[in-house]
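# Structural description and commentary
Now for the letters of each chain:
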Amino acid sequence: MSDIKKIAVIDGDGIGPEVVAEAKKVLRKTEELFGYQFEIEHGLFGGIAIDEKGTPLPQETLEMCKNSDAVLLGAVGGPKWDNNSKELRPETGLLGIRKELGLFSNIRPAVVFDCLKEASTLKPEVLDGTDLIVVRELTGGIYFGEKFRRNTEFGEEAVDTCAYNVMEVERIVRQAFEIAKTRRKKLASVDKANVLESSRLWRETVNRLAPEYPDVELEHVLVDNCAMQLLRRPSSFDVIVTENMFGDILSDEAAMLTGSIGMLSSASLGEGSFGLYEPVHGSAPDIAGQGKANPIATILSVALMFKLSFGYQKAGDLIEKAVKNVLDYGHRTGDISTDQTNVLSTSQMGDQIIAAMKK
Ligand SMILES: NC(=O)c1ccc[n+]([C@@H]2O[C@H](COP(=O)([O-])OP(=O)(O)OC[C@H]3O[C@@H](n4cnc5c(N)ncnc54)[C@H](O)[C@@H]3O)[C@@H](O)[C@H]2O)c1
Ligand SMILES: CC(C)[C@H](C(=O)O)[C@@H](O)C(=O)O
Ligand SMILES: [Mg+2]
């Protein structure tokens, strides 16, 4: 096969390098199985880039990403950089890379594996059949609105603004409707339209587009209610579309339906086939460097990359099947183990998944 895919790989901080190492093993295994060719380049990003280059998002890393077909990212951040000024924070690099690459759509699937129901904090019967996707707007809202501080008679005041324009809402909502069309045809649009002006525009836009998707059943859910319904009736959700910060919070909540945040993969997409793939979790400083991290979120992010950026459907399915088989067999990292016996390390879990990858 002559079609060489260029993948920019960014380890990041904390458990980032540990989980990315396992995802790379999976990439190599698919080369072997399917004859794919991947050209992997590494770039510095996040805290380590601050330490070595004086900025969380070095220009050469950004260029490397722009010149690739997809990006695989571990996670960034950690206590070492928590008190830095905004420009010297790993998270600022993360927002920067999303914006610079035009990745306005963040797809976060939360699928409950039957054999992991016991690992969740919820009752197994509540979780039955849970298979949802959070479609999170990623380059707008309060994350990117004007921010400043000013002095008032009551002391210093900090201001973050939340702004959305129609174009921004329309493109993410259309994508969510399109995804819903390929699934169980249910879309929950989550907002806070009883309070926020940006949410009112959001809801008006959703309602204006809805007649174009007559086969998709639409419900509007206020975000506080959604947070509650996700725990009460998770299996009733199919696709959830929401703005940036609500999506951040709800996807971490959805992670716990699956048993652990170490299970949740994500794809960040723009207009074309290019995408950035990363686990939903962060750099987990509390377990970093100990071989305790669950690599499944990152490995499943590779499966998403194959399907959404490369059109390698079969290989993506094969990775997902291997993960399922390994879990069905009873292999567990600490975060998804109910009794903490026979817990696998990060690399042992990666090895099991690779061993289970058979055509
Ligand atoms: N995309 C990203 O790079 C990203 C995402 C979220 C948080 N962060 C950053 O990560 C740092 C830590 O944030 P946090 O502690 O709030 O969230 P976190 O997701 O890193 O960790 C939350 C908890 O989940 C556990 N956990 C996370 N991933 C795991 C995995 N793969 N296997 C097993 N357990 C796992 C951690 O040990 C921790 O107890 C912060 O600096 C934050 O800004 C980065
Ligand atoms: C680290 C942080 C900036 C980031 C976000 O809030 O988007 C993270 O929580 C995520 O979910 O990817
Ligand atoms: Mg988050």
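As the structure is a computational prediction, the values presented were derived from the model and not from experiment. (Residues numbered from 1 in each chain as written. Chains lettered and ligands numbered in written order. Predicted model: local features only at pLDDT ≥ 70, side-chain atom pairs only at ≥ 80, totals over all residues.)

## Structural notes on the overall build of the chain
Which entries qualify depends on this criterion: Counting from the N terminus, the helices are DSSP H or I runs at least four residues long and the strands are E runs at least two residues long. Just to be clear, the radius of gyration here is over C-alpha atoms, and the globule rule we use is 2.2 Å times residues to the power 0.38. Exposed residues have 12 or fewer other C-beta atoms within 10 Å of their own C-beta, buried residues have 20 or more, and residues in between are partly exposed; the C-beta atoms are placed from the backbone. Contacts here follow a simple rule: the backbone-placed C-beta atoms of the two residues must lie within 7 Å.
Looking only at helices and strands, one finds 12 helices and 12 strands in the chain. Radius of gyration (C-alpha) of the chain: 20 Å, near the 21 Å computed for a compact globule of 359 residues. Classification of the 359 residues of the chain by burial places 47% in the buried group. A separation of at least 24 residues holds for 75% of the contacts in the chain among residues at least 6 apart in sequence.

## Quick notes on the site of ligand 1
We apply this condition: Residues are classed as near a molecule or strand if the C-beta position derived from their backbone is within 6 Å of it. Residue polarity follows a fixed list, in which Ala, Val, Leu, Ile, Met, Phe, Trp, Tyr, Cys and Pro are nonpolar, Asp, Glu, Lys and Arg are charged, and the others, Gly among them, are polar.
Around ligand 1, the structure places 22 residues, and the nearest of them are Gly77, Gly262, His281, Gly282 and Asn294. The residue inventory of the shell around ligand 1, partitioned by class, reads 11 nonpolar, seven polar and four charged.

## Quick notes on the nonpolar core
To keep things clear, this is the line we draw: Note on definitions: a nonpolar core is a set of buried residues drawn from Ala, Val, Leu, Ile, Met, Phe, Trp, Tyr and Cys, linked by C-beta atoms within 7 Å. Domain segmentation is taken from an automatic or database assignment of domains.
Residues Leu72, Ile240, Tyr277, Val302 and Ile319 are the most contacted members of the largest nonpolar core, which totals 96 residues. Looking at this core, the element that brings in the most residues is helix α10 (residues 296-310), giving nine residues. In this structure, this core is formed jointly by two domains, domain 1 (1-103 + 261-359) and domain 2 (121-257), each of which donates at least three residues. The contact partners of isoleucine 319, leaving out residues within four places of it in the chain, are Val26, Ile299, Val302, Ala303 and Met357.

## Details of unusual backbone geometry
Positive phi values are uncommon outside glycine, yet lysine 185 reaches one of about 65°. Within the secondary structure, lysine 185 is located in the loop between α6 (166-181) and β8 (186-191). A residue is classified by how many C-beta atoms lie within 10 Å of it, and lysine 185, with 15 of them, is partly exposed. You will see that asparagine 342, though not glycine, has its phi angle at about 50°, which is positive. With respect to the element layout, asparagine 342 can be found in the loop between α11 (313-329) and α12 (346-356).

## Focus: the UniProt feature "binding site: substrate" (unreviewed entry) in the chain
To be explicit about the condition: UniProt positions are given in the numbering used here, feature names are shortened, and annotations may be inferred rather than shown by experiment.
When the UniProt feature table is mapped onto this chain, "binding site: substrate" (unreviewed entry) is found at Arg98, Arg108, Arg136 and Asp224. Across 127 residues in sequence, these annotated residues place their C-alpha atoms as far as 26.6 Å from one another, rather than forming a single compact spot. Given 25 C-beta atoms within a 10 Å radius, arginine 108 is considered buried. The topology assignment puts aspartate 224 in helix α8 (residues 223-232). We classify aspartate 224 as partly exposed; it has 13 C-beta atoms within 10 Å.

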